[in-house]
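# Report on the structure
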Amino acid sequence: MANLEGTAASTANEDVLLSLNDIRRDYVLGETRVEALKGVSLRIHRGEFVAIWGPSGSGKSSLMNILGLVDAPTSGEVSLEGTPIAKLTDNALSDLRSRKVGFVFQSFNLIPVLSALENVMVPLQIQGVGAAEVRERASQALKDVGLENQASARPDKMSGGQRQRVAIARALVTSPSIVVADEPTANLDSENSYMVVKLMRELNRTRRVTFIFTTHDPRLLDLVDRKLLLKDGLLQTDEAVR
Ligand SMILES: Nc1ncnc2c1ncn2[C@@H]1O[C@H](COP(=O)(O)OP(=O)(O)OP(=O)(O)O)[C@@H](O)[C@H]1O
């Protein structure tokens, strides 16, 4: 049951943002080969809000690394907005990734010596955006996550939920097509977990950004459009939630 594309979303082809075709990912450790993904085919459409869930070791992180263009599959094809990734040079791939993909991590990955605003400014500075525009766009992104009053606070003075909101602002500040969030709530209590996913949901609607996140927590699945169950490296179900 590896190929379930189209069962939850029957949007027209031109709305396909990411397309994965028969993705396999093996890890070789000495004599041992671990087959983390065993043939996953999937289409993510523009504007979707998607959760990938499943037991530990089912291949969620492996799949997210491929969806975020940070890892290449052992075999199979990945396309972003119709561009086959395998044909790109390393430089073209990192340029595409920095323009089109935002990342949110389980452990926030904020720079401790920078303020909230400065953390959000970093991706734009890396892209070479001018100083005034960097400040303006980063301030707007912080406002979008409700943290305009915390602009000068350092991460260690913030709660886990606030830190993850800063990380979401940082992911959105470059106006990516898709935000890939691997276990964004793993270090949060249930109240903050719900709040963070609800915030991503609102931003998905207001900023028209596609989100895909992984979770172990079934309660968070109520907030999504589509949920994909991954088990033993294969997609088991692909359900539209509403
Ligand atoms: N870098 C690696 N080297 C070797 N094996 C790996 C590597 N990364 C993942 N694996 C193996 O691949 C399988 C899938 O791992 P993966 O981390 O993708 O699953 P997961 O669903 O994200 O798990 P978890 O929920 O525990 O994070 C597991 O058997 C894991 O041990």
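As recorded by an unreviewed UniProt entry, the chain carries the name ABC transport system ATP-binding protein and is attributed to Myxococcus virescens. Regarding the chain, the relevant UniProt record gives this comment under Sequence similarities (unreviewed entry): "Belongs to the ABC transporter superfamily. Macrolide exporter (TC 3.A.1.122) family."

All right, on to the overall build of the chain then. What the chain contains, in helices and strands, is six helices and 10 strands. Its C-alpha atoms give the chain principal-axis dimensions of roughly 50 × 45 × 40 Å. For the chain, buried positions account for 39% of its 242 residues. Here the analysis covers contacts within the chain between residues at least 6 apart in sequence; of these, 72% occur between residues at least 24 apart.

The local shell around the ligand consists of Tyr 27, Leu 29, Val 34, Ala 36, Gly 54, Ser 56, Gly 57, Ser 58, Gly 59, Lys 60, Ser 61 and Ser 62. Contributing elements (two or more residues each) for the shell around the ligand: strand 1 (16-29), strand 2 (32-45) and helix 1 (60-67). Among the elements that take part in the shell around the ligand, helix 1 stands out by supplying three residues, more than any other. Split by residue class, the shell around the ligand holds four nonpolar, seven polar and one charged.

What follows deals with the pairing of strand 8 (residues 210-215). Within strand 8, five of the six residues are buried, which leaves it mostly tucked inside the rest of the structure. Here four bridges tie strand 7 (residues 178-181) to strand 8, and the two strands are oriented parallel to one another. Its bridge partner lying in strand 8, Val 180 is registered against Ile 212. Viewed along the sheet, the connection from strand 7 through helix 6 (residues 190-206) into strand 8 turns out right-handed.

Attention now goes to the sheet that holds strand 10 (residues 234-240). Across the sheet, which stays open at both edges, the six strands sit in the order 6-7-8-3-9-10 with mixed pairing between neighbours. The outermost strands of the open sheet, each flanked by one partner alone, are strand 6 (101-104) and strand 10. Within this sheet the neighbouring strands show an average axis-to-axis angle of 20°, counted without direction. Relative to strand 6, helix 5 (residues 160-172) is tilted by about 170°, and along the sheet it contacts strand 6 and strand 7.

This part is about the nonpolar core. Ranked by internal contacts, the top residues of the largest apolar core, which has 62 residues, are Val 120 and Ala 169. Top contributing element to this core by residue count: helix 5, with six residues. Not counting residues up to four positions away in its chain, the partners in contact with Val 120 are Ala 138, Ala 141, Leu 142, Val 166, Ala 169, Arg 170 and Val 173.

On to the UniProt feature "domain: ABC transporter" (unreviewed entry) in the chain. With numbering aligned to this structure, UniProt lists the feature "domain: ABC transporter" (unreviewed entry) at residues 18-241. The distance from the first to the last C-alpha atom of residues 18-241 is 20 Å, and the span holds 33% helix and 29% strand.

With that settled, the discussion passes to the sheet that holds strand 4 (residues 75-80). With respect to topology, four strands assemble into an open sheet ordered 2-1-4-5, the strand pairing being antiparallel. Looking at strand neighbours, the two that pair on one side only are strand 2 and strand 5 (83-84), the edges of this open sheet. Relative to strand 2, strand 1 runs antiparallel, the two sharing 11 bridges. Within strand 2, the residue paired with Val 16 across the bridge is His 45. Along the sheet face, helix 1 touches strand 1, strand 2 and strand 4 and points at about 130° away from the line of strand 1.

It is worth spelling out the environment of Leu 88 at this point. When you line up the elements, Leu 88 lands in the loop between strand 5 and helix 2 (90-100). Judged by the 16 C-beta atoms lying within 10 Å of it, Leu 88 falls in the partly exposed class. As for Leu 88 and Val 197, which are separated by 109 residues in sequence, their C-alpha atoms are 33 Å apart.

The next point concerns the packing of helix 3 (residues 116-126) against helix 5. Axes are the key here: two packed helices are described by the angle between their axes and the distance separating the axes. Running from amino to carboxyl end, helix 3 crosses helix 5 at an angle of 30°, the nearest separation of the two axes being 8 Å. By the criterion of interaxial angle, the relationship of helix 3 to helix 5 is roughly parallel. Considering the relative orientation of helix 3 and helix 5, their crossing is right-handed. The segment helix 3 lies against helix 5, with Ala 116, Asn 119, Val 120, Val 122 and Pro 123 engaging Val 166, Ala 169 and Arg 170. Counted by class, the contact of helix 3 with helix 5 contains six nonpolar, one polar and one charged residues.

What counts as what
- Residues numbered from 1 in each chain as written.
- Predicted model: local features only at pLDDT ≥ 70, side-chain atom pairs only at ≥ 80, totals over all residues.
- UniProt positions renumbered as here; feature names shortened; annotations may be inferred.
- Helix = DSSP H or I, 4+ residues; strand = E, 2+ residues; numbered from the N terminus.
- Buried ≥ 20, exposed ≤ 12 C-beta atoms within 10 Å, placed from the backbone.
- Contact = placed C-beta atoms within 7 Å.
- Near = placed C-beta within 6 Å.
- Nonpolar A, V, L, I, M, F, W, Y, C, P; charged D, E, K, R; others polar.
- Pairing = 2+ DSSP bridges.
- Right-handed = clockwise from strand over helix to strand, strands pointing away.
- Axes fitted to C-alpha atoms, helices over the stretch in contact; angles between N-to-C directions.
- Core = buried A, V, L, I, M, F, W, Y, C linked by C-beta atoms within 7 Å.
- Parallel < 35°, antiparallel > 145°, perpendicular 65-115°, else oblique.
- Left-handed = near helix turned anticlockwise from the far one by under 90°.

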